[in-house]
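Now for the letters of each chain:
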Amino acid sequence: MARIFVAGHTGMVGSAVVRQLEVLEDVQLITAGRSELDLTDQKDVNYFFSENKIDQVYLAAAKVGGIHANDTYPADFIYQNLMMEANIIHSAHTNGVQKLLFLGSSCIYPKHAEQPIKEQALLTGRLEPTNEPYAIAKIAGIKLCESYNRQYGRDYRSVMPTNLYGPNDNFHPENSHVVPAMMRRFHEAVENNDREVVIWGTGKPKREFLHVDDMAAGCIYVMALDDQLYKTNTKPMLSHINLGSGVDCSIQELAETIARVTGFEGLLRFDTSKPDGTPRKLMDVSRLNSLGWKSIVTLEQGLRDTYSWYLANRCNLRKL
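Residues numbered from 1 in each chain as written. Predicted model: local features only at pLDDT ≥ 70, side-chain atom pairs only at ≥ 80, totals over all residues. Heavy atoms only, no water.

Caption draft 1: Broad picture of the pattern of salt bridges. For the structure on display, the rule yields 14 salt bridges. Two residues, Glu146 and Lys143, come together in a salt bridge whose shortest N-O distance is 2.9 Å. Of this pair, Glu146 and Lys143 both sit in helix H5 (residues 132-152), three residues apart, which is roughly one turn of the helix. Taking relative accessible area as the criterion, Lys143 reaches 24% and is therefore assigned partly exposed. Here the salt bridges do not stand alone but share partners, grouping Lys99, Asp155, Arg157, Asp227 and Lys231 into one network. (Salt bridge = Lys/Arg side-chain N within 4 Å of Asp/Glu carboxyl O. Helix = DSSP H or I, 4+ residues; strand = E, 2+ residues; numbered from the N terminus. Buried < 20%, exposed > 50% of the residue type's maximum accessible area, 1.4 Å probe, protein only.)

Have a look at this one:
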């Protein structure tokens, strides 16, 4: 029976991985909350690995947030993410863990990367300034995995998910990503009978979205790939794989879909004084598709699922 540690199991990403792993046979899940394990503390993490005889790791732990949070807390984003991934990857190695999957982010790519973005675009241009510290930390995670593979023969893989959304997302009114922030705003507008909802930016930037359950399925698929097949389709210093839907939409189209899902019938007003961020961010997912995996959850279907979860849990979210 494989003993699998999911780091960050209470977050949106980690909890989705846990939901899909716990139904598999021959899997014993290992988790630890923040009160039990400080992932930024090297001694704590190494002791945890030494005590738990771990076989595999899904590294889903991260400090995450939207444009506002990234721009306001850059030191927190780079420090905490660097420490968590360095501690986990190094402790996995020193305690004999051969298989690990690191979850990065599509923000690792240059702001003006050619669309759709291929894995080869990594480190070919300047990053989006508003989330550069977070992106650099995620790039470091990829390179940590590749370095332990090259030097020690480990099998540490990396996937780069596109913009994620779904159950257990962060619905904080200021520090959340675009989908939960927008969904909460539209829901409250319906409750308050507001005539309009204000959206940051022009509405023109295009984004790709992936439901978190699709993401989890993709991660487990990549982790299970035959070692030789994985190596054949990657390179020692370009080993990450894009994980996305391969379809994008404008922020305006997203807003219109969320309005429809939440039942908001008022006006949309775009505040052009606010930043747009990267003009377009669509990932080329042909590598993963060629390996036999494709996403199955459509955007509207996924948004309706997410809104149902939000309605069922909004009482617990009001304190945010």
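There is more to say, and it comes next.
Caption draft 2: Highlighting the packing of aromatic side chains. By the definition in use, this model includes nine aromatic pairs. Ring centres of Phe48 and Phe49 lie 6.3 Å apart, and the angle between their planes is 80 degrees; this geometry places the pair in the edge-to-face category. Neither Phe48 nor Phe49 differs from the other in exposure class; each is buried. Judged by centre distance (6.3 Å) and plane angle (20 degrees), the ring pair of Tyr307 and Tyr310 falls under stacked. One end of the pair, Tyr307, and the other, Tyr310, are both in helix H11 (residues 299-317), three residues apart, so they sit about a helical turn from each other. Take Tyr307 and Tyr310: they sit in the same class, and that class is buried. Three or more aromatic residues joined by ring pairs make a cluster, and in this case those are Phe171, Tyr307, Trp309 and Tyr310. The ring of Phe77 has Lys63 sitting right over it, with the charged end atom 5.1 Å from the ring centre. (Phe/Tyr/Trp six-rings, centres within 6.5 Å; stacked < 30°, edge-to-face > 60°. Lys NZ or Arg CZ within 6 Å of the ring centre and 35° of its normal.)

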